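For reference, the chains in residue letters:
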Amino acid sequence: CEQRWWRLDWAETQFIVTADPSSDGHWRLQDSVYANFEDERKLRFIQLPSISRGIERKEWTLDFDFAVRDFVMDPSQDLLVALMDHITFALPLHS
């Protein structure tokens, strides 16, 4: 298996269709899980497959009831942190 890595001799090639790379979409790749925004309230996740480790490709989405500005994840800890888009408050100024 290691020799295949040195020769870049892949057992299989798959493609992931993503948002336009010139857009402002955010994505992450962590511990064989790819994630990106589908829109400001939805994240899409893809567990990347591995023939040698017997891992199948899985896809799922998470919907939020708030706009997500950014996110980080650590699949090994089953952890997702989503940063809520800020809300601007107007403060009255008196003179």
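If you're wondering where the values come from, they're calculated on a predicted model, not measured in any experiment.

Novice: If you had to explain the sheet that holds strand 3 (residues 42–47) to someone new, which residues and values would you point to?
Specialist: Taken in spatial order, the 4 strands make up an open sheet running 1-2-3-4, and their pairing is antiparallel. For this open sheet the edge positions go to strand 1 (27–30) and strand 4 (58–63), each flanked by a neighbour on one side alone. For this sheet, the mean inter-axis angle between neighbouring strands, taken without regard to orientation, is 20°. Pairing of strand 2 (residues 33–39) with strand 3 involves 6 bridges; the strand directions are antiparallel. The residue of strand 3 that forms the bridge with A35 is F45.

Novice: Could you give me a rundown of the pattern of salt bridges, with the residues and numbers involved?
Specialist: For the coordinates displayed, the defined rule picks out 4 salt bridges. Of the charged contacts, one joins R7 and D9 as a salt bridge, the two residues approaching to 3.9 Å between their closest N and O atoms. For K42, the salt bridge goes to D63, with nearest N and O atoms at 3.7 Å. Residue K42 is found in strand 3, and its partner D63 is found in strand 4; the two are separated by 21 residues along the sequence.

Definitions and cut-offs
Residues numbered from 1 in each chain as written. Predicted model: local features only at pLDDT ≥ 70, side-chain atom pairs only at ≥ 80, totals over all residues. Heavy atoms only, no water. Pairing = 2+ DSSP bridges. Helix = DSSP H or I, 4+ residues; strand = E, 2+ residues; numbered from the N terminus. Axes fitted to C-alpha atoms, helices over the stretch in contact; angles between N-to-C directions. Salt bridge = Lys/Arg side-chain N within 4 Å of Asp/Glu carboxyl O.

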